[in-house]
Structure formats: structure tokens, C-alpha cells
Amino acid sequence: MKTDHTKLLQLITLLDLTTLTAVDNEDDVAMLCQRAVEPLGYDHGLENPPSCAAVCVWPVFAGLAADITEGTSVGVACVAGGFPFAQTPLTSKISEIHYAVDEGASEIDVAINRGAFLAGELEEVHDEIAAMKDACSGAHLKVILETCDLPHEDAVRQAAQIALQAGADFLKTSTGMGRAGATMADVGVLLEEAVAWEAATGRAVGVKAAGGIKSAYDALDYVELANSLHGPVSPVNFRIGASSLLDDVLAQLAGS
């Protein structure tokens with residue numbers, strides 16, 4: 001079955017194109033940034049070709065990514081705050097965020113301290129997120145709940161609510177480095193919490209599905225879910241974290 005061409009092009013605009021390996025280098029990041037800016041290449045025949053929403057890289061590459069994407073619609077996201085485990089002192093987390101923002105990051109992705117959350121130290125979790133939000137100095141803060149580490153739906157909701165109360169701009173499912181990634185059920189919970197938060201406070205927040213989404217068909221299911229709960233979907237309110245997903249989207253476009 002052929003997938004709708006328009007939906008696939010929109011899907012590209014929702015992608016945070018990601019490289020977070022132990023062997024990343026400047027050439028890898030430069031290639032990622034160029035691909036995010038022109039994911040279809042240069043011979044596409046479209047008047048307004050889509051770009052990806054952002055690139056997501058380690059803080060040491062923030063400056064390079066900012067230089068390459070300057071003047072485009074592609075944002076620069078950096079993982080920080082002791083990513084992916086969040087088991088570093090708060091002072092180190094803050095320093096890392098400051099570094100990334102100073103280098104040009106417009107978005108910061110941090111994971112909550114799941115150990116503290118599961119131990120019931122909820123005020124500590126809240127205060128850490130709030131401090132990291134303050135350190136962002138205007139950059140958007142995407143808070144990763146690592147939902148695979150949380151025992152049930154109520155815990156996911158509680159963690160989402162704490163993140164929102166502490167100033168999160170986006171709720172994100174996963175680091176991509178845990179034992180599991182995004183699920184439709186968890187993304188649905190985060191979308192519901194985002195909608196409820198906006199209704200209660202007037203402050204719009206987004207949701208990012210990340211971890212294990214490799215198929216265009218699967219990604220479009222997430223987009224459909226987001227449209228039904230938090231639509232109309234755009235890069236402002238919904239993202240998908242992706243390292244290999246774009247390859248399948250392009251393959252589907254070639255066949256559509």
C-alpha cells in the first residue's frame with residue numbers, strides 16, 4: 001500500500017534528526033546537519049521542500065551544528081544534564097546546559113533522575129528540572145521521562161505533571177538508550193497531559209516520541225494519535241526523535 005505523499009513530507013518536518021553515539025565526530029555531525037536542512041537532496045523539484053525540525057547532538061558539537069544550520073528553520077538540540085542517566089551533580093548538569101546554550105543550542109533535552117523519582121523524592125526531581133529550565137536562558141527544555149523505567153501509567157502521568165510544573169516546554173518519552181523506547185500508550189498519556197496543562201494554564205507545551213521508531217508507517221501512527229489528541233500537529237507541538245527513520249521515509253516517498 002502506498003503512503004500519502006503529503007503526509008510523508010509533513011512527517012519530515014516533525015523529525016529531530018539525531019546522532020548520539022560514542023564515536024560521533026565533526027564530519028558525522030556536519031553530514032547530519034546538511035541532511036536535516038535538505039533531507040530530499042537538491043534535485044527534488046519542490047518549490048518549498050521540507051526540512052527537519054532539528055538536529056540533536058552532543059553539547060561538544062553545538063557550535064558546529066549552529067554554524068551549519070544558521071539561517072535555516074532547523075533547530076539545534078543538545079542532550080545535557082548528565083544524559084542519559086541523569087546521575088551527575090546538579091552543578092555539573094547546569095554547567096553542561098550553559099555550555100550548550102552558549103555554543104548555540106536552541107533546545108536542551110534532559111532526562112529526569114529516575115532513581116530520585118522512584119524513591120519518592122518528588123520535590124528534588126521538580127527542583128532539578130526547574131533549575132535546568134532556568135539554566136536554558138530562553139532555549140526550550142525538553143524533559144525526558146524515560147517511560148520504560150516507570151512502573152505504570154500513573155507514574156508516567158505523575159512524572160509528566162512534575163516536569164510541566166517545573167517549566168518543561170516539551171515532554172519526551174525516551175532517551176533512546178534505555179531498555180525500551182516510545183509506545184503508543186505512553187505517548188498518548190503525554191499528549192493528554194500536555195492538553196490538560198494548556199487548558200489549565202494557557203501555556204502550550206509539546207510532546208516528543210523518541211526511541212525505537214524506525215518505520216514511516218509507525219511514525220505516521222504517532223502523528224495520527226497526536227492529531228487526534230493535540231492537533232493540528234506541527235513541529236511546535238509534536239516531534240519524533242529519529243536516527244534511521246528518515247531513510248524509511250525517503251524510501252516510502254520514492255515509492256509513493
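Going by an unreviewed UniProt entry, the chain carries the name Deoxyribose-phosphate aldolase and comes from Sulfuriroseicoccus oceanibius. The Sequence similarities (unreviewed entry) field of the UniProt record for the chain holds the comment "Belongs to the DeoC/FbaB aldolase family. DeoC type 2 subfamily." Turning to the chain, the UniProt record has this under Catalytic activity (unreviewed entry): "2-deoxy-D-ribose 5-phosphate = D-glyceraldehyde 3-phosphate + acetaldehyde".

> Which residues make up the overall build of the chain, and what are the values?
Along the chain, the regular secondary structure elements total 10 helices and eight strands. In summary, the chain has a C-alpha radius of gyration of 17 Å against a globular reference of 18 Å for 256 residues, a match within 12%. By principal-axis analysis of the C-alpha atoms, the chain measures approximately 55 × 35 × 35 Å. Taken over 256 residues, the chain has a buried fraction of 53%. At a minimum sequence separation of 6, the contacts of the chain that also span at least 24 residues come to 75%.

> I'd like a description of the side chain of Thr-173, backed by residues and values.
Looking at where Thr-173 falls in the secondary structure, it is placed in the loop between β6 (170–172) and α8 (184–201). A distance of 3.0 Å separates the side chain of Thr-173 from the backbone oxygen of Ala-210, its partner in a polar contact. Apart from residues no more than four positions distant in its own chain, Thr-173 is found in contact with Ile-144, Leu-145, Glu-146, Thr-147, Ala-182, Val-187, Leu-190, Lys-208, Ala-209 and Ala-210.

> Account for a negative patch on the surface, naming residues and giving values.
A cluster of acidic residues, Asp-67, Glu-70, Asp-102 and Glu-103, forms a negative patch at the surface. Here Asp-67 lies in helix α3 (residues 62–69).

> Explain the pattern of salt bridges to me, and be specific about the residues and the numbers.
Under the defined criterion, the tally for this structure stands at 16 salt bridges. Here Arg-35 ties to Asp-247 by a salt bridge, and the two come within 2.5 Å at their closest N and O atoms. Of this pair, Arg-35 sits in helix α2 (residues 26–37) while Asp-247 sits in helix α10 (residues 245–255), and the two are 212 residues apart along the sequence. In this structure Arg-35 comes out as partly exposed when scored by relative accessible area, which is 27%. Owing to a relative accessible area of 42%, Asp-247 belongs among the partly exposed residues under this scheme. Among the charged side chains, a salt-bridge network with shared partners connects Asp-16, Glu-107, Asp-109, Lys-142, Lys-172, Lys-208 and Arg-239.

> Go over the nonpolar core with me, naming the residues and quoting the values.
Grouped together as the largest cluster of nonpolar side chains are 78 residues, with contacts concentrated most on Ile-108, Phe-238 and Ile-240. Apart from residues lying up to four places away in sequence, Ile-240 is in contact with Leu-11, Leu-14, Leu-15, Asp-16, Lys-208, Ala-209, Ile-213, Ala-219, Tyr-222, Val-223 and Leu-245. Residues Leu-20, Cys-56, Ala-77 and Ile-144 belong to the second largest nonpolar core, which totals seven residues.

> Got a sec to walk through the pairing of strand β7 (residues 206–209)? Specific residues and values, please.
Burial along β7 is two-sided: Gly-206 and Lys-208 and Val-207 and Ala-209, pointing in opposite directions, are all buried. Sheet topology places β7 next to strand β8 (residues 238–242); three bridges connect them, and they run parallel. Within β8, the residue paired with Ala-209 across the bridge is Ile-240. Read as a crossover between parallel neighbours, the route from β7 over helix α9 (residues 216–230) to β8 is right-handed.

Rules used in this analysis
Residues numbered from 1 in each chain as written. Predicted model: local features only at pLDDT ≥ 70, side-chain atom pairs only at ≥ 80, totals over all residues. Heavy atoms only, no water. UniProt positions renumbered as here; feature names shortened; annotations may be inferred. Helix = DSSP H or I, 4+ residues; strand = E, 2+ residues; numbered from the N terminus. Rg over C-alpha atoms; globule rule 2.2 N^0.38 Å. Buried < 20%, exposed > 50% of the residue type's maximum accessible area, 1.4 Å probe, protein only. Contact = heavy atoms within 4.5 Å. Polar contact = N/O pair within 3.5 Å; in protein donor to acceptor, adjacent residues only side chain to side chain. Patch = residues over 30% accessible without salt bridge, like charges linked within 9 Å, V, L, I, M, F, W, Y side chains within 5 Å. Areas by Shrake-Rupley, 256 points an atom, 1.4 Å probe, with all protein chains shown as cover. Salt bridge = Lys/Arg side-chain N within 4 Å of Asp/Glu carboxyl O. Lys, Arg positive; Asp, Glu negative; His and termini not counted. Charge placed at Lys NZ, Arg CZ, Asp CG, Glu CD. Core = buried A, V, L, I, M, F, W, Y, C linked by side-chain atoms within 4.5 Å. Pairing = 2+ DSSP bridges. Right-handed = clockwise from strand over helix to strand, strands pointing away.

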